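Analysis of the macromolecular model
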Amino acid sequence: MTQSIVVQVGQCGNQVGCRFWDLALREHASVNKKGIYDEALSSFFRNVDTRRSDGDNNDISGGKIRSLKARAVLIDMEEGVVNEILQGPLRDVFDSKQLITDVSGSGNNWAVGHKVYGSTYREEIVENLRKAAEHCDCLQCFFVIHSMGGGTGSGLGTFVLNVLEDEFPEVYRIVTSVYPSAEDDVITSPYNSVLAMRELTEHADCVLPIENQSLVDIVNKIKHMSHSGKLGAEIKQSSTIISGQGGVKGQEKPFDAMNNIVANMLLNLTSSARFEGSLNMDLNEITMNLVPFPNLHYLVSSLTPLYTLADVNVPSRRLDQMFSDAFSKDHQLIHSDPKHSLYLACALIVRGDVQVSDLRRNIERLKPSLPFVSWNQEGWKTGLCSVPPVGHSHSLLALANNTCVKPTFIELKDRFMKLYKKRAHLHHYLHVDGMEQSCFSEAFSSLSSLIEEYNQLDATKGLLMTDAQRLNIAV
Amino acid sequence: MILWAATDSLYSVLAKSMRSAQHCDFESARAKIKDHAYENATVASCSRMSIVTVQLGQCGNQIGQELFNVISNDSHSSRGQCPKTESEAYSICSQERFFSEGQNGAASARAVLVDMEPKVISHTISTAAKSGRWKYGDHSSFCQKQGSGNNWANGFCVHGPRHEENIMDLVRREVEKCDRLGGFFNMMSMAGGTGSGMGTYITQCLRDTYPHSFILNQVTWPYGTGEVIVQNYNSVLTLSHLYQSSDAILVHENDTVHKICAQLMNIKQISFKDVNKVIAHQLGSVLQPAYTEGVLEYNRNPLGDLMKSMVCHPEYKLLGLRNIPQMSETSLAYSVFTWPGLLKHLRQMLIANAKMEEGIDWQVRPPAGGLLPAEKGTHNKQLRFNTSLANLLILRGKDVQSADTGGFMDPALYTSWLPPGVASSTWRTPMSFNRYEKSATLVSNSQFLLKPLDGIVGKAWNMFASRAYVHQYTQFGISEEDFLDSFTALEQIIASYTHL
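Since we're looking at a predicted model, the values are computed, not measured. (Residues numbered from 1 in each chain as written. Chains lettered and ligands numbered in written order. Predicted model: local features only at pLDDT ≥ 70, side-chain atom pairs only at ≥ 80, totals over all residues. Heavy atoms only, no water.)

Focus on the overall build of chain A
The helix and strand inventory of chain A stands at 14 helices and twelve strands. Here chain A has a C-alpha radius of gyration of 22 Å; the compact-globule value for 475 residues is 23 Å, and the two agree. A burial count over chain A gives 60% of its 475 residues as buried. Across chain A, every contact between residues at least 6 apart in sequence was considered, and the portion connecting residues at least 24 apart equals 81%. As displayed, chain A offers around 18900 Å² of accessible surface, 50% of which is attributable to carbon and sulfur atoms. (Helix = DSSP H or I, 4+ residues; strand = E, 2+ residues; numbered from the N terminus. Rg over C-alpha atoms; globule rule 2.2 N^0.38 Å. Buried < 20%, exposed > 50% of the residue type's maximum accessible area, 1.4 Å probe, protein only. Contact = heavy atoms within 4.5 Å. Areas by Shrake-Rupley, 256 points an atom, 1.4 Å probe, with all protein chains shown as cover.)

Okay, structure coming up:
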């Protein structure tokens, strides 16, 4: 079995990351009753004997769990969030050596994050990553979590992405990026996002874009459901994908509900690699099957079901409804409508007690209404993991490589142009050593090319494509 | 020693003649073999040959374990209707072929298990040990920690060369345990990354290291609706490369076996275990001992005999399998079979290209004698008639000597350029197989697989036209040129089979 390392950068990255570790512990606790440090746990956690003082060599493989340490590197240029983590209930999960912090923050400036802090901390970052990698038997993947709109997550986060590619070229890089909503209060977020986008396009293997507004909508939907008071519609609170109940952390803070959704998405993504199932789907299979062209690696994710009904007498959610929901625009984690755009590829990771026949039946049922690109009419990749998530009997994560990401990118491009045309706030960036106007124009053209690639694919939608002419063989 | 040399040269004659791409005078090759076979008919029974099985990837390992189970159970079960000497000869032959004596006298499968991740192999080994009757060798497996990611290029270009030495070492040890090596049986799927990519590479290594041995590849074809998005690419690359190093490719299609489970065996919630059991049953019915025509002892070299009967030309290596009857235990209890009935069904399944014993189209007929070859071509296409190159019937069970296989010798079934009477063979044994009182298997080198093959190549070509996913392969060492070569090779094979 392989291991993965989570690299959480910036305020958003660390807050989401924190929820991820809490929910990961909760999940493993519910599955691993005997407290044995097994292969599944080792994919994200080290088993450490804290009594021994020779810090680096105290990993224990197998046997009882002593002290679990997250395979994580926490980076923030402000101390607030990381300090909070270290004082909170998760403090024992992190090794103080895994943290890289500074005091003054990046001022919502990508250039400061990427160029200034990048060069200052490069060595320490590499050192930290190496140490974490050394504790891994077989390191398969780095999960980077950050936001796009700010300075640290966006700038330093993408700098780290570059470092990962340079230092560990054979390890996959899956990036979870939180994109700013239209009403974002950070004025320079379009600049930061577009500058970061270029890095993502060039250096990430896979990107899972998330939009705050979509998370808010899902949270509201669930809250509305739980407060609707409809008879028989009461929800099991601990089962919702926004709940952190049962985890280590006690009090739920404002963004926790939204961040729990992202954490759950990551848990489901890695479930088939961690736990057993009849049709395993490893992380390298995801990057292989869902990325038909190198730049088109943006995957839209959706999670179902959002909650489980509390009343056990109500017939449990029909399985087929779960599959249908995965394709509705209400369940997507970015604002998009995959059903009315073009699918390049789609992966379904099913957890819990679902059989191959259920899976195939639903794919047959939904296929006719989902437009797939002509050369990938049967572009489905499926995985079955037998362990369901906490509070559910089954669940589904759908990952779609779909042109429905295009509107998000076009909007970003437009907001960028609005500022850039006026050269607004540009001086803050250009003051930074190593930043030039060309960085902006290049980032802009990278985004434009990406949009153009999606355009070309969209143009083929609905056209009746004839089969490519086969090779002629002399008989 | 002389005996060894004589038999060895016999097979290298066959092997060489099979591999010559230009002219294949299979008539004379066959004649030479028949002479040698007669000379060696009086060879002592201790020169029976053994088969070394190589299980590659998740699919290969899972099916392999079921196969050894079937074989072990089959050779141990007592059969009331046969004389004891017959039973014993059968058992001994089967044991020698597939098992060596491990420590404590326990039967140890002559197998090498290969996978890039540990879960499947450890499950396979422990399940085998539970049978109590046989197990895998303690040092017969090789695995790594990280899989091939469904990437054929990763399996073929990276994992293959990297682990070649270790794996071939395991193979060598298994070969050394054999008194006489009858050849290799490689089991794999073609949709994934390890079985397909690495399996192909290992097959090549076997060919290079053991140039005179027979190599039979058992390849599982994936569900058409897709388990893996890039399965068609992986399939195209696998088949084109295997054609160069393997002697024959025995095919199972998941869709077909799934239907057998659903419609003939009435299994409600079909699992991969169910599918694998059916495949294992079919394979066992081919590989277990039988008498070839005119020989008084159980066949000493099943792989050689199979190749001789089925693969007379290197352009035609795809073998399909049909086995009847197949039904659930409960139905079996109420069924009675006759050889004429079974053979009639099997013949029509061949002619009408039926995948299983249900929904057979009885309207399809072989063309009438007087048609010219050109007319025959169109006639066949219109009636969906399946033209054969060679057919092998393997009959197991009660009163097998009375079974009349004349229907399969009708020249109308075969391509016009084949000498009549040579293309059809029959093996028999009075021993019943795996709870079926009578069991008939047809191994066929015909147009059976033409349509599915064409389908796979068509889909792969469409995808290739847009170059989708190609960068994933070039990253690991398979270029666009390599793809084109593979497509060309397969179009050639499709053309050859179309014009049978």
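Topic: helix α9 (residues 283-290) of chain A
In terms of burial, α9(A) is a largely internal element, eight of the eight residues being buried. Among the residues of α9(A), those classed as buried are A:Leu283, A:Asn284, A:Glu285, A:Ile286, A:Thr287, A:Met288, A:Asn289 and A:Leu290.

Comments concerning the nonpolar core
Nonpolar side chains in soluble globular proteins tend to be buried together. A:Val7, A:Phe45, A:Ile75, A:Leu269, A:Tyr298, A:Phe409 and B:Tyr473 are the most contacted members of the largest nonpolar core, which has 228 residues in total. Other than its neighbours up to four places away in sequence, A:Tyr298 contacts A:Tyr179, A:Met197, A:Leu200, A:Thr201, A:Val207, A:Ala400, A:Asn401, A:Val405, A:Phe409, A:Leu450 and A:Tyr454. B:Phe99, B:Met265, B:Met307 and B:Met431 belong to the second-largest nonpolar core, a separate cluster that totals 58 residues. (Core = buried A, V, L, I, M, F, W, Y, C linked by side-chain atoms within 4.5 Å.)

A short note on the pattern of salt bridges
Residue and element names in this part refer to chain B. Considering all chains together, one arrives at 37 salt bridges over all chains under this definition. Between Glu174 and Lys177 there is a salt bridge, and its shortest N-O distance comes to 3.2 Å. With a relative accessible area of 42%, Lys177 lands in the partly exposed category. Residues Glu437 and Lys438 are paired through a salt bridge, measuring 3.5 Å at the closest nitrogen-oxygen approach. (Salt bridge = Lys/Arg side-chain N within 4 Å of Asp/Glu carboxyl O.)

Thoughts on the sheet that holds strand β7 (residues 181-189) of chain B
Residues and elements named next belong to chain B. Strand order in this open sheet of ten strands is β6-β4-β1-β7-β8-β9-β10-β13-β11-β12, and the pairing throughout is mixed. Both edges of this open sheet fall to β6 (141-143) and β12 (424-429), since each of them pairs with a single strand only. Each strand axis lies, on average, 20° off the axis of its neighbour in the sheet, ignoring direction. Sheet analysis places strand β4 (residues 111-115) next to β6, joined by three bridges and oriented parallel. What sits directly across from Asp115, in β6, is Cys143. Together, β1 (50-56), β4, β7 and β8 (215-221) form the strand contacts of helix α3 (residues 57-76), whose direction differs from that of β1 by roughly 140°. Lying over the sheet, helix α5 (residues 118-130) contacts β1, β4 and β6, oriented at roughly 150° with respect to β4. (Pairing = 2+ DSSP bridges. Axes fitted to C-alpha atoms, helices over the stretch in contact; angles between N-to-C directions.)

Section: the interface of chain B and chain A
Across the contact, 42 residues belong to chain B and 41 residues belong to chain A. At the boundary of chain B with chain A, total buried surface from both sides reaches about 3700 Å², with 53% on carbon and sulfur atoms. Counting across the interface, chain B meets chain A through five salt bridges. The partner of A:Asp137 in a salt bridge is B:Lys145, and the shortest N-O contact between them spans 3.7 Å. Taken together, the connections running from chain B to chain A amount to 18 residue pairs in polar contact (both at pLDDT 80 or more). Of all elements in the fold, only α5, α9 (254-264), α15 (450-465), α16 (470-474) and α17 (480-498) of chain B reach the threshold of two or more residues within the side of chain B that touches chain A. Element by element, the count of residues in the side of chain B that touches chain A is highest for α15(B), at eight residues. For the side of chain B that touches chain A, the residue count by class is 15 nonpolar, 19 polar and eight charged. (Buried area = accessible area lost by both parts, 1.4 Å probe. Polar contact = N/O pair within 3.5 Å; in protein donor to acceptor, adjacent residues only side chain to side chain. Nonpolar A, V, L, I, M, F, W, Y, C, P; charged D, E, K, R; others polar.)

Re the pairing of strand β2 (residues 45-48) of chain A
Residues and elements named next belong to chain A. Of the two faces of β2, the one lined by Phe45 and Asn47 and the one lined by Arg46 and Val48 are each fully buried. In this sheet, strand β3 (residues 67-70) lies alongside β2 in antiparallel orientation, the contact comprising four bridges. Counterpart to Asn47 in the pairing with β3 is Leu68.

Points about the confidence of the model for chain B
All names here are of chain B. Confidence in the prediction of chain B, expressed as mean pLDDT, is 86, and 86% of residues score 70 or more. The low-confidence segment residues 1-15 (pLDDT under 50) makes 20 contacts with residues lying over four places distant or belonging to another chain. Below pLDDT 50 for its whole length, residues 19-26 participates in 14 contacts with residues either more than four positions away or in separate chains. Here the complex is predicted with pTM 0.88, and the ipTM for its interfaces comes to 0.87. (pLDDT = per-residue confidence, 0-100.)

Digging into the sheet that holds strand β6 (residues 139-147) of chain A
Residue and element names in this part refer to chain A. Across the sheet, which stays open at both edges, the six strands sit in the order β5-β4-β1-β6-β7-β8 with parallel pairing between neighbours. Both outer strands of the open sheet, β5 (99-101) and β8 (206-211), are each paired with one neighbouring strand and no more. The average angle at which neighbouring strand axes cross in this sheet is 15°, direction not considered. Of the strands in this sheet, β1 (3-9), β4 (72-76), β5 and β6 touch helix α4 (residues 110-134), which is tilted by about 165° from β5.

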